[in-house]
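For reference, the chains in residue letters:
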Amino acid sequence: MTSARNESRRPHLQQLGEWWNSLPRTRQWLVLIPVVLLIYALPVLNPPILSTEPGTNFPIACFNAARFALIALGLNVVVGQAGLLDLGYVGFFAVGAYVAALFTSPDSALAKLPYLVTLPLAMVITMFFGVVLGTPTLRLRGDYLAIVTLGFGEIVRLLATIVPPLKGQVGFQEVGHPPGRLPDGSLIFASSNGTPWYWLVVTLTIAMLMLVGNLERSRVGRAWVAIREDEDAAQIMGVPTFKFKLWAFAIGAAIGGLSGALFAGEVGFVNNQKFDVPTSVLFLAAVVLGGSGNKVGVLLGAFVVSYVPDRFTELANYKYLIFGLALIILMIFRPQGLLGARQRLLAKGREAYQRLIGRPEQVSSESALAAESAKGVGA
Amino acid sequence: MSQETGLQEVPDEAGEEHVQVEGGIVAELERMTPEERAEHEAEVAEVVAPDREIAVGFGETLLELREVTVRFGGLVALDAVSFGIRRGEILGLIGPNGAGKTTCFNAMTGVYRPTSGQVLLEDRPLGRRKRHQITRLGIARTFQNIRLFGEMTALENVVVGTDARHRTSVLGALLRGPRHRREEAEAVERAMALLEFVGIADRAADKARNLPYGYQRRLEIARALATEPKLLCLDEPAAGFNPAEKEQLMGLIRKIRDDGYTVLLIEHDMRLVMGVTDRIVVLEFGKKIAEGLPAEIRDNPAVIAAYLGVPDDGAA
């Protein structure tokens, strides 16, 4: 009886979460497929209230939101899962964009490669940068690491300004794009047409979501969360902390680089103007807003951070003010973000819990507390 | 939702039809006859038992501290301490507050490097190995102030322990290779058995930070055992327990030893130490002042003086 009363008190979001957790895997897929199809159809449907037009072209707004989602997913590996505060993430994004530009733009002296080849190349090169930055700095913790990464982001931007082959503000025109033409001879992946780009980014985001999910439900994901929770204890329990922190950095960097290369391709132009510290903070805001450590949460956060300025263009100039206030309010009332940290860390966890105690695990921490109090009252 | 209500009724309504299907092993255990239960417990102990080569035989010295000194600036926390731990025994490490017991633990597990002297495991010096390598070699510990991974479930905490001996890395996990699958299955199997072994399986799915205090202490032991240690070091595992809980914990420590582990125990409570240990080492002000059987230690004048104080000449 007591638990029933508690049930009604709980917020709907949480009830939704519990319902979702209690569903078997196959049923979850059945629910997910229409949702994914709807997401794919979004720029074509252009729903009236959701639409950002006439202020912003809706397919391009969708592309930007998807690009933000991919960035947030990468940053979540570093900040949300491994707990390493990275304020210079835009540096990796910039490296990815410059890799795409340098190898495809006619303005660059380097050999030309097909655009699609530069995507994996951008990931590999940014991963290398992640390791180069991480090796000396990951011995630092907390605030110190944050300051060093902030410096890294600035270094990348300043290098783009002062190193002559990177062309500073002049930048690179006509960055490449995937091949293919429509029957009437126009490009499929034109800068003016956001829809195919959006589909490309959504597909890559889903692929990354699955790969990151595989990592989460493995020794790697457990090592990351252990490091986030208590680094010293993790070390003493046999987690090679430095190695896994470096991996988190490298994987986060690779996803950031991929996103940068996609951005460069869609915009078709790269110069040193779009990789400043506020952009980096905006990426971080997406992660914190949505719920650091929750993959679905950060996607939601990224959507909000990218979509709101596009939808309400008259407010776009105040976006930092609005997000700043929103974050302050969030930190007071819901410090864990819109959706709190949530992870499954065992590949066969569902079956294991079922076999051992006959019910699924508690995934979100709020419901755990609610169950605790319900138990206390009920006893 | 209905599942949630179901779980709360498991302890008192375990006999009812609908719970039988849902309760899993834990609920099933409630309904077992004593014989079935004993059989199940033997199976659990079998899974928990260490399954690795140890270079020394039972009763031989497994870990040895040789003239270990730890100095922090001008403070000598450990002063040329030497003793050995024999395979298969429960060794108690006691001493008044600030005697250097935890420093001794820290020197053994790589948290501090000895200023001089050596720690040898199976006659091989630990040298300058990293902490996680020492754990992998076979020394596991618990913490005086509980340090669990709060946002992980109890089961996940224990699986982190089993990971110490796993080799899957990023590539294997990304592609879900055969080794990843095998290690995951083994890890969950062993972790579930460990939770049953220490007696907290009913809360396996709860986040560690939501567990009651006694459960958290036991979870720390399970997590340390998960690394399949050659030597298990317990740092005041009974701190904050009432006498009945201490009694249960003593039982658990004996059970761990009987399962084939070697245990080093730091403890304040003399009754617990005297009751459970095979031998005792006494530290005071960073020096070893006595070593021997519990009965010998109890009657040792130096130990009594260390604990009760020496009367002043004037007062006598």
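Residues numbered from 1 in each chain as written. Chains lettered and ligands numbered in written order. Predicted model: local features only at pLDDT ≥ 70, side-chain atom pairs only at ≥ 80, totals over all residues. Heavy atoms only, no water.

**Observations regarding the overall build of chain A**
The secondary structure content of chain A amounts to 16 helices and 0 strands. Relative to the compact-globule value of 21 Å for 379 residues, chain A shows a C-alpha radius of gyration of 22 Å, a close match. With the C-alpha coordinates of chain A rotated into their principal frame, the extents come out at 75 × 50 × 40 Å. Residues counted as buried form 54% of the 379 residues belonging to chain A. When contacts within chain A are restricted to residue pairs at least 6 apart in sequence, long-range pairs at least 24 apart make up 73% of them. In the form shown here, chain A has an accessible surface area of approximately 16300 Å², with 71% of it arising from carbon and sulfur atoms. Here chain A contributes 30 positive and 22 negative side-chain charges, whose respective centroids are spaced 7 Å apart. (Helix = DSSP H or I, 4+ residues; strand = E, 2+ residues; numbered from the N terminus. Rg over C-alpha atoms; globule rule 2.2 N^0.38 Å. Buried < 20%, exposed > 50% of the residue type's maximum accessible area, 1.4 Å probe, protein only. Contact = heavy atoms within 4.5 Å. Areas by Shrake-Rupley, 256 points an atom, 1.4 Å probe, with all protein chains shown as cover. Lys, Arg positive; Asp, Glu negative; His and termini not counted. Charge placed at Lys NZ, Arg CZ, Asp CG, Glu CD.)

**Notes on the pattern of salt bridges**
Taken as a whole and assessed by the stated rule, the structure comprises 30 salt bridges over all chains. Across the pair B:R131 and A:D232 runs a salt bridge whose closest N-O atoms are separated by 3.5 Å. Here B:R131 is found in helix α6 (residues 131-137), whereas its partner A:D232 is found in helix α10 (residues 231-236) on a different chain. Under the relative-accessibility criterion, A:D232 is labelled partly exposed at 22%. Among the ionic contacts, a cluster of salt bridges with common partners joins A:R141, A:D230, A:E231, A:D232, A:K245, B:R131 and B:R147. (Salt bridge = Lys/Arg side-chain N within 4 Å of Asp/Glu carboxyl O.)

**Let's talk about the domain arrangement of chain A**
Here chain A is partitioned into domain 1 (55-347) and domain 2 (348-379). If you average the C-alpha positions of domain 1 of chain A and of domain 2 of chain A, the two centres end up 34 Å apart. (Domains from an automatic or database assignment.)

**Concerning the sheet that holds strand β9 (residues 279-284) of chain B**
Residue and element names in this part refer to chain B. If you trace the 6 strands from one edge of the open sheet to the other, you get β6-β7-β8-β3-β9-β10, paired in mixed fashion. The strands lining the two open edges of the sheet, one partner per strand, are β6 (139-141) and β10 (287-292). Direction aside, the axes of adjacent strands within the sheet are offset by 20 degrees on average. As defined by bridge partners, strand β7 (residues 231-235) adjoins strand β8 (residues 262-266) across 5 bridges and the pair is classed as parallel. Looking across to β8, one finds that C233 is bridged to L264. (Pairing = 2+ DSSP bridges. Axes fitted to C-alpha atoms, helices over the stretch in contact; angles between N-to-C directions.)

**Brief notes about the interface of chain B and chain A**
Opposite the 57 residues of chain B that make contact, chain A presents 58 residues. Where chain B packs against chain A, one counts 6 salt bridges. The tally of links between chain B and chain A comes to 17 residue pairs in polar contact (both at pLDDT 80 or more). Breaking the side of chain B that touches chain A down by element, the ones donating at least two residues are α1 (2-9), α3 (24-31), α6, α7 (154-163), α8 (170-175), α9 (178-198) and α10 (213-226) of chain B. Residues that form the side of chain B that touches chain A fall into these classes: 21 nonpolar, 16 polar and 20 charged. (Polar contact = N/O pair within 3.5 Å; in protein donor to acceptor, adjacent residues only side chain to side chain. Nonpolar A, V, L, I, M, F, W, Y, C, P; charged D, E, K, R; others polar.)

**With respect to the confidence of the model for chain B**
Residues and elements named next belong to chain B. Of all residues in chain B, 91% have pLDDT values of 70 or greater, and the mean over the chain is 85. Residue range residues 1-21 is modelled with pLDDT below 50. Its contacts to residues more than four positions away, or to other chains, number 29 contacts. For this predicted complex, the interface score ipTM comes out at 0.86, alongside a pTM of 0.87. (pLDDT = per-residue confidence, 0-100.)

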